[in-house]
Amino acid sequence: MIQRSSKRPPVTYTTFQARDLGGDTAELFKTAARDAYERFRPAAMLVGASCTAELIQDDPGGLAQALALPLPVVPLELPSYQRKENWGAAETFYQLVRHLCPAPAQRPDRSAPRPAGQRPRCNLLGATALGFRHRDDVAEVTRLLARLGVDVAVCAPQGAAVADLRRLGEADFNVVLYPEVAGTVAAWMKRTHGLPHTTVVPIGMGATRDFIAEVALLAGVDAAPLLASLAADMGTGPGTLGSRAPWYARSVDSTYLTGKRVFVFGDATHAVAAARVAATELGFNVVGLGTYSREFAREVREAAKLYGVEALISDDYLQVEAAIAEALPELVLGTQMERHIAKRLGVPCAVISAPVHVQDFPARYSPQMGFEGANVMFDTWVHPLMMGLEEHLL
């Protein structure tokens, strides 16, 4: 998986030969750690074991802490043979926050009123560089929060510096954009810092409405004007929010969408949200729903019950391909792998979730969340399908 970025992280490496594994590898690592600090002068140092270090049972985290370098050292234990990327991202983020924004000695009193004139503040948690449309989702949700009178204090982990992570506890609440990455951090900060967090991911118009109501409750703001505008957009036609998706989905030009069989697969957040949009906002018939995120199997199984299907929890692409072929969908919503599967099966497909190819980091503004996200999803999902008129012509 690769992303479009004009920046490249600095890299340092140490070479060793097979005979070194029988000697003192600790000194090799200590020298490399000191050299990295002297060269880059980082504000913090993350230290994790490679697959080779796991096999020979090295402890690079402990070695780095023993060096007493003048910066925070965050040791990581990421079992590369047992866990997947999303778990690794969540664990890394959690360890960073736990070390850089430690639990206060006394839990803060969140019930005290804010100073006069100070707007409520939140943290946006979960966005990563390799996430699906995370860059644009952050921009869209920030605009949505601004309409509610809520400011964003910190966005993390993507784009956050050490100083930003240290002040996460200063916000009034957390907005969890992607539970796969931020769920552990949000739960820990609720226990230790008393920071409440959102549970609704604003993908689709219905979920965006629920998200607005939840944020308003956490922030203590009046969401009635924004919800009224949203109701207008979801009612008779495009209102003041700029979301045309509900109106388009109800128009006579979209009658050929009703009842289209769709198979949904991806990370849990995007798969569950996409199934809801497909069934309740576009009139599709969800014939399959699954995820490779085993940590969220329960949530996906509960969602699958709403559509009368059995959830597929698997990271075996051959099993996913067999399930898609058996379901006979007219549209597949999935990752880059499901796009390849759909191409082999001759079924239209749209990508909705990481892992993705570089082409799924578009140059245009293309969020999945909020009002504009609903427009983007409508266009992206409908485009591969054959219109009713085309069926008669062809």
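Notes on the structure follow.

The rules behind these values
Residues numbered from 1 in each chain as written. Predicted model: local features only at pLDDT ≥ 70, side-chain atom pairs only at ≥ 80, totals over all residues. Heavy atoms only, no water. Helix = DSSP H or I, 4+ residues; strand = E, 2+ residues; numbered from the N terminus. Buried < 20%, exposed > 50% of the residue type's maximum accessible area, 1.4 Å probe, protein only. Contact = heavy atoms within 4.5 Å. Areas by Shrake-Rupley, 256 points an atom, 1.4 Å probe, with all protein chains shown as cover. Axes fitted to C-alpha atoms, helices over the stretch in contact; angles between N-to-C directions. Parallel < 35°, antiparallel > 145°, perpendicular 65-115°, else oblique. Left-handed = near helix turned anticlockwise from the far one by under 90°. Nonpolar A, V, L, I, M, F, W, Y, C, P; charged D, E, K, R; others polar. Pairing = 2+ DSSP bridges. Right-handed = clockwise from strand over helix to strand, strands pointing away. Phe/Tyr/Trp six-rings, centres within 6.5 Å; stacked < 30°, edge-to-face > 60°. Patch = residues over 30% accessible without salt bridge, like charges linked within 9 Å, V, L, I, M, F, W, Y side chains within 5 Å. Salt bridge = Lys/Arg side-chain N within 4 Å of Asp/Glu carboxyl O.

## Some details on the overall build of the chain
Link 1 in the chain: Broken down by element type, the chain carries 16 helices and 10 strands.
Link 2 in the chain: Burial statistics for the chain: of 394 residues in total, 46% are counted as buried.
Link 3 in the chain: For the chain, contacts bridging at least 24 residues in sequence account for 67% of all contacts bridging at least 6.
Link 4 in the chain: For the chain, the accessible area works out to roughly 19,800 Å², and carbon and sulfur atoms hold 54% of it.

## Description of the packing of helix H5 (residues 134-147) against helix H8 (residues 205-219)
Link 1 in the chain: Orientation of H5 relative to H8, taken along the N-to-C sense of each, is 50°, at an axis distance of 11 Å. In terms of orientation, H5 and H8 fall into the oblique class. Classified by chirality, the crossing of H8 by H5 is right-handed. Two secondary-structure elements touch here, H5 through Val141, Leu144 and Leu145 and H8 through Thr208, Phe211, Ile212 and Val215.
Link 2 in the chain: Of the residues assigned to the contact of H5 with H8, the class counts are 6 nonpolar, 1 polar and no charged.

## What about the environment of Leu289?
Link 1 in the chain: Mapped onto the elements, Leu289 comes out in strand S7 (residues 285-291).
Link 2 in the chain: The spatial distance from the C-alpha of Leu289 to the C-alpha of Ala271 is 7.1 Å, given a sequence separation of 18 residues.
Link 3 in the chain: Those residues within four positions of Leu289 in sequence are excluded, and the remaining contacts are Val264, Ala271, Val272, Ala275, Val300, Ala303, Ala304, Tyr307, Val309, Glu310, Ala311 and Leu312.

## Side note on the sheet that holds strand S5 (residues 173-176)
Link 1 in the chain: Spatially, S4-S3-S5 is the arrangement adopted by the 3 strands of the open sheet, whose pairing is parallel. Each having just a single partner strand, strand S4 (151-157) and S5 make up the two edges of the open sheet. Put simply, the sheet's adjacent strands are angled 25° from each other on average, direction ignored.
Link 2 in the chain: Packed on one face of the sheet, helix H7 (residues 179-193) meets strand S3 (121-127), S4 and S5 and runs near 160° to S5.

## A few points about unusual backbone geometry
Link 1 in the chain: Cis geometry marks the peptide bond from Ala156 to Pro157; its omega dihedral reads 5°.
Link 2 in the chain: In this structure, Pro157 sits in strand S4.
Link 3 in the chain: That bond from Ala354 to Pro355 is cis: its omega, 5°, falls within 30 degrees of zero.
Link 4 in the chain: Of note, Pro355 is situated in the loop between strand S10 (349-351) and helix H15 (370-382).
Link 5 in the chain: The residue Arg41 is not glycine, and still its phi comes out positive at about 45°.
Link 6 in the chain: With respect to the helices and strands, the residue Arg41 is situated in the loop between helix H1 (25-40) and strand S1 (45-48).
Link 7 in the chain: Residue Arg133 is not a glycine yet carries a positive backbone phi of 60°.
Link 8 in the chain: Tracing the chain through its elements places Arg133 in the loop between S3 and H5.

## Thoughts on the sheet that holds strand S8 (residues 312-313)
Link 1 in the chain: With parallel pairing, 5 strands are arranged side by side in an open sheet as S8-S7-S6-S9-S10. Of all the strands in the sheet, just S8 and S10 have a single pairing partner and so form its edges.
Link 2 in the chain: Across 2 bridges, S7 lies against S8 in parallel orientation. Directly across from Thr291, in S8, lies its bridge partner Ile313.
Link 3 in the chain: Of the strands in this sheet, strand S6 (261-266), S7, S8 and strand S9 (331-334) are in contact with helix H13 (residues 317-327), which crosses S6 at around 165°.

## Comments concerning the pairing of S7
Link 1 in the chain: Within S7, 6 of the 7 residues are buried, which leaves the element mostly enclosed by the surrounding structure.
Link 2 in the chain: In this sheet, S7 lies alongside S6 in parallel orientation, the contact comprising 6 bridges. Opposite Arg261, over in S7, you have Asn285 as the bridge partner.
Link 3 in the chain: In this fold, the crossover linking S6 to S7 by way of helix H11 (residues 268-280) has right-handed handedness.
Link 4 in the chain: In the classification by handedness, the crossover that spans S7, the intervening helix H12 (residues 297-305) and the parallel S8 is right-handed.

## Some details on the packing of aromatic side chains
To describe a pair of aromatic rings, one takes the distance between the centres and the angle between the planes.
Link 1 in the chain: With the rule as written, the count across this model stands at 2 aromatic pairs.
Link 2 in the chain: On the numbers, 6.2 Å between centres and 85° between planes, the contact of Tyr94 with Trp188 is edge-to-face. Of this pair, Tyr94 sits in helix H4 (residues 85-100) while Trp188 is found in helix H7, placing the two residues 94 residues apart along the sequence.
Link 3 in the chain: Using a relative accessible area of 9% as the deciding quantity, one classes Tyr94 as buried.

## Structural notes on H7
Link 1 in the chain: Within H7 the residues assigned to the buried category are Glu180, Val181, Ala182, Val185, Ala186, Trp188, Met189, Thr192 and His193.
Link 2 in the chain: In the core, the buried residues of H7 are packed alongside H4, S3, S4, S5 and H11.
Link 3 in the chain: Of the residues one or two after H7, Gly194 is the one with positive phi, at around 70°.

## As for a nonpolar patch on the surface
Link 1 in the chain: On the surface, Tyr317, Leu318 and Met337 cluster together to form a nonpolar patch covering roughly 280 Å² of accessible area.
Link 2 in the chain: Inspection of the secondary structure puts Leu318 in helix H13.

## Considerations on the pattern of salt bridges
Link 1 in the chain: Per the counting criterion, the structure on display carries 12 salt bridges.
Link 2 in the chain: A salt bridge links Lys260 to Glu330, with the nearest nitrogen and oxygen atoms 3.7 Å apart. Within this pair, whereas Lys260 is found in the loop between helix H10 (245-250) and S6, its partner Glu330 is found in the loop between H13 and S9, the two being separated by 70 residues in sequence.
Link 3 in the chain: On the basis of relative accessibility, which here comes to 9%, the residue Lys260 falls in the buried class.
Link 4 in the chain: Sharing partners across several salt bridges, the network here consists of Lys84, Arg294 and Asp315.

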